[in-house]
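Breakdown of the fold
What follows is each chain in one-letter form.
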Amino acid sequence: MPSADELNTISADRIVALCSDLAEARWPSARLVLDHLQEFPTQSARPARTKTASLAGIYEVRLRQDPGLTERTLDLARFVETLHTATQEFVRFFPIQMKEGRALVAATEDLQWPLASTVVRGSGASPEASTASAIGTLPSVRAAEHCEALIGAGWQAAPAAMEMIASSPATEIPVWLATPQTLAQHYTEQANEPAQHIDADRFAQAMSERNPSERILVYHLFDPYGWQITCAITEDSSNPIAATATKRQLFR
């Protein structure tokens, strides 16, 4: 198993070793990572652990809901197929922000062998939104811890949230205050509409089970595949509650 330090941060040398093996197996996305690391040889990454089926599933949804992604991605379909056929129950994955876009590399749980990689071009910038109503911020490190717990609880949208937190240079994430009733109503409507979503019904159910007098903190993340990921945590920011993702209009 990897050391405690490697569980938190994977070194550039280890990334090079993993991506070199993938490049030899003709993964163009891995070759882009190697080219990037030649220019930025000290860049590290933050790995996370998730079920292989969960990671394959969320990328399969992205690909299915937006076939046009093949024009902005490398190895995406192969990434999904490889994870679907992998024998490992769990994998570790880590994102790498590059000039060309963002790469994601999946490896065995012990970080000894690479499995797959993919790259999406473009920033997928979030829609312009005021943070004036935000009541504060949440440290990115704490958000990542919450996402790991949600991944462990089987929330399908949580790996996407972890990716965005790990690939962003931001150290704080704006948070908003909401009531369980409002969130339950909103995401029940989301689940009942034909718009693409992940875990909206489970998110709504989790909110409906909360104490009506409780208040919830939420934060939003925007990925380059055109999805908005929303995470909910307790008001004291000590515990994660739920995560969901909704397809949005992509701003390029």
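Refer to the preceding data block for the structure.
Below: a short report on this structure. (Residues numbered from 1 in each chain as written. Predicted model: local features only at pLDDT ≥ 70, side-chain atom pairs only at ≥ 80, totals over all residues. Heavy atoms only, no water.)

Moving on to the overall build of the protein chain. For the protein chain, the helix and strand inventory stands at 9 helices and 11 strands. Against the globule reference of 18 Å for 252 residues, the protein chain gives a C-alpha radius of gyration of 18 Å, in line with a compact fold. Projected onto its principal axes, the C-alpha coordinates of the protein chain cover approximately 55 × 40 × 35 Å. Here the protein chain, with 252 residues, has 51% of them falling under the buried criterion. Considering only intrachain contacts with a sequence separation of at least 6, the fraction spanning at least 24 residues in the protein chain is 70%. Accessible surface computed for the protein chain: about 11,800 Å², of which carbon and sulfur atoms make up 49%. (Helix = DSSP H or I, 4+ residues; strand = E, 2+ residues; numbered from the N terminus. Rg over C-alpha atoms; globule rule 2.2 N^0.38 Å. Buried < 20%, exposed > 50% of the residue type's maximum accessible area, 1.4 Å probe, protein only. Contact = heavy atoms within 4.5 Å. Areas by Shrake-Rupley, 256 points an atom, 1.4 Å probe, with all protein chains shown as cover.)

Attention now goes to the pattern of salt bridges. Across all of its chains, the model carries 8 salt bridges by this definition. Between K99 and E39 there is a salt bridge whose closest N-O contact spans 2.7 Å. Of this pair, K99 sits in the loop between β3 (90-98) and β4 (101-108) while E39 sits in helix α3 (residues 28-39); the two residues are 60 residues apart in sequence, bridging distant segments of the chain. Classification of K99 as exposed rests on a relative accessible area of 61%. Ionic pairing is found between R102 and E163, a salt bridge with its closest N-O pair at 2.9 Å. Of this pair, R102 sits in strand β4 while E163 sits in helix α7 (residues 158-167); the two residues are 61 residues apart in sequence, bridging distant segments of the chain. With respect to burial, R102 and E163 carry one shared label: buried. (Salt bridge = Lys/Arg side-chain N within 4 Å of Asp/Glu carboxyl O.)

Before going further, it helps to spend a moment on the pairing of strand β10 (residues 227-234). For β10, the tally of buried residues reaches 7 of 8 residues, placing the bulk of the element in the interior. Taken together, the 7 bridges between strand β9 (residues 216-222) and β10 define a ladder with antiparallel strand orientation. Within the sheet, the bridge partner assigned to L217 lies in β10 and is I233. Following β9, the chain reverses through 4 residues before pairing antiparallel with β10; G226 in that reversal takes a positive phi of roughly 95°. For β10 and strand β11 (residues 240-247), the ladder comprises 7 bridges, and the chain directions are antiparallel. Looking at β11, one finds that I233 is bridged to P240. The turn joining β10 and β11, which pair antiparallel and follow one another in sequence, is formed by 5 residues; a positive phi near 60° is taken by S237. (Pairing = 2+ DSSP bridges.)

With that settled, the discussion passes to the state of the cysteines. As enumerated under the stated definition, the model contains 0 disulfides in all. No disulfide involves C231; its sulfur sits 4.5 Å from the nearest other cysteine sulfur, which is in C147. (Disulfide = S-S within 2.5 Å.)

Time to look at the sheet that holds strand β2 (residues 73-74). The strand order β1-β3-β4-β5-β2 describes an open sheet built from 5 strands, whose pairing is antiparallel. Edge positions in the sheet fall to β1 (48-51) and β2, since each of these pairs with one other strand and no more. Across the sheet, α7 lies against β1, β3 and β4, angled at about 40° from β3, the strand it touches most. (Axes fitted to C-alpha atoms, helices over the stretch in contact; angles between N-to-C directions.)

Within the secondary structure layout, A158 lies in helix α7. Expressed as a C-alpha distance, the spacing of A158 and A242, which sit 84 residues apart in the sequence, is 8.4 Å. Ignoring anything within four residues of it in the chain, the contact list for A158 reads C147, L150, I151 and A243.

Take the sheet that holds strand β8 (residues 197-198) next. As summarised here, the arrangement of the 6 strands in space is β6-β7-β9-β10-β11-β8, forming an open sheet in which the pairing is antiparallel. Each of the sheet's edge strands pairs with one partner strand only, and the pair in question is β6 (136-139) and β8. The sheet contacts of α7 involve β7 (172-178), β9, β10 and β11, and relative to β9 the element is tilted by about 70°.

We now examine the side chain of R92. Mapped onto the elements, R92 comes out in strand β3. E109 provides the closest opposite charge to the buried, unpaired R92, separated from it by 4.5 Å. A distance of 2.6 Å separates a polar side-chain atom of R92 from the backbone oxygen of E109. (Lys, Arg positive; Asp, Glu negative; His and termini not counted. Polar contact = N/O pair within 3.5 Å; in protein donor to acceptor, adjacent residues only side chain to side chain.)

Read these as spatial facts, not as claims about activity.
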